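Now for the letters of each chain:
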Amino acid sequence: MNMGMAVEDPTEPCGVELVIKDYPYAADSLFIWSVIKELVESHIQRFYAEPEYVKLDVEIQAINFGQYRLSGDVIYRHTLMWKLIPQEEDSEYKQFLFDLEQMVLSSLPTQFQATKFLAV
């Protein structure tokens, strides 16, 4: 939602409505996300009825963020893509409609930004 791709909508199964209706990747991702969310919530409710049960589970406490290795790569860090989808009243809206690929590419970090991020 922060990127301007969706708006809150409690009537939708995932709780959000996509701004671009014909965006199969996002629609599929929302569906997969909702299924995973439902699975995790049901698992937590069943096995960790009380918060202290999580603290007592030594296997969960031993997890050391296995995804961290991947998230360090700029390719996997969409947070460096900083442009929102232009609205009709924005000056970039015509360019967005005319050349979507260029708009996406222009939102990627510069080589300097990516290198600086990798160095951190």
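Everything quoted here is computed from the prediction, not taken from an experiment.

Engineer: Looking at this structure, how should I read the overall build of the protein?
Structural biologist: The helix and strand tally for the protein stands at seven helices and two strands. N-terminal to C-terminal, the α/β element order of the protein is β-β-α-α-α-α-α-α-α. Per-residue burial for the protein yields a buried fraction of 15% across its 120 residues. Excluding contacts between residues fewer than 6 apart, the proportion of contacts in the protein whose partners are at least 24 apart in sequence is 33%.

Engineer: Is there a simple way to think about the side chain of Asp-9 in this case?
Structural biologist: Within the element layout of this structure, Asp-9 appears in the loop between β1 (6-8) and β2 (16-18). Notably, Asp-9 is buried but unbridged: the nearest opposite-charge side chain belongs to Lys-21, and the N-O separation is 7.1 Å. With residues up to four places along the chain from it excluded, the contact list for Asp-9 reads Gly-15, Val-16 and Glu-17.

Engineer: Quick question: what am I supposed to make of the packing of aromatic side chains here?
Structural biologist: Enumeration over the complete set of coordinates arrives at one aromatic pair. Ring geometry for Tyr-93 against Phe-96: centres 6.3 Å apart, planes inclined by 35°, an arrangement best described as tilted. Placement of the pair is Tyr-93 and Phe-96 together in helix α5 (residues 93-98), with a separation of three residues, close to one helical turn.

Engineer: Could you clarify how one ought to interpret the pattern of salt bridges in this entry?
Structural biologist: A side chain with one charge may pair with a side chain of the opposite charge, provided their charged atoms come close. Going through the model one piece at a time under the given rule, you end up with two salt bridges. The partner of Glu-17 in a salt bridge is Lys-21, with the nearest N and O atoms 2.2 Å apart. Classification of Glu-17 by relative accessible area gives partly exposed; the value is 27%. We note a salt bridge from Lys-37 to Glu-41, for which the minimum N-O separation is 3.0 Å. Placement of the pair is Lys-37 and Glu-41 together in helix α1 (residues 24-47), with a separation of four residues, close to one helical turn. For Lys-37, a relative accessible area of 35% gives the class partly exposed.

Engineer: It is not clear to me how the nonpolar core should be interpreted in this structure. Could you clarify?
Structural biologist: Looking at soluble globular proteins, one finds that nonpolar side chains tend to be buried together. Counting five residues, the largest nonpolar core consists of Ala-6, Cys-14, Val-16, Leu-18 and Ala-26. When residues no more than four places from it in sequence are discounted, the contact partners of Leu-18 are Met-5, Ala-6, Tyr-23, Ala-26, Ala-27 and Leu-30.

Engineer: Looking at this structure, I do not really get the environment of Gly-15. What am I missing?
Structural biologist: Within the secondary structure, Gly-15 sits in the loop between β1 and β2. Remark: the alpha-carbon pair of Gly-15 and Ser-34, spanning 19 residues in sequence, is separated by 9.2 Å. Residues contacting Gly-15, with those up to four places away along its chain left out, are Val-7, Glu-8, Asp-9 and Pro-10.

About the thresholds
- Residues numbered from 1 in each chain as written.
- Predicted model: local features only at pLDDT ≥ 70, side-chain atom pairs only at ≥ 80, totals over all residues.
- Heavy atoms only, no water.
- Helix = DSSP H or I, 4+ residues; strand = E, 2+ residues; numbered from the N terminus.
- Buried < 20%, exposed > 50% of the residue type's maximum accessible area, 1.4 Å probe, protein only.
- Contact = heavy atoms within 4.5 Å.
- Lys, Arg positive; Asp, Glu negative; His and termini not counted.
- Salt bridge = Lys/Arg side-chain N within 4 Å of Asp/Glu carboxyl O.
- Phe/Tyr/Trp six-rings, centres within 6.5 Å; stacked < 30°, edge-to-face > 60°.
- Core = buried A, V, L, I, M, F, W, Y, C linked by side-chain atoms within 4.5 Å.

In short, shape yes, function no, at least from these values alone.
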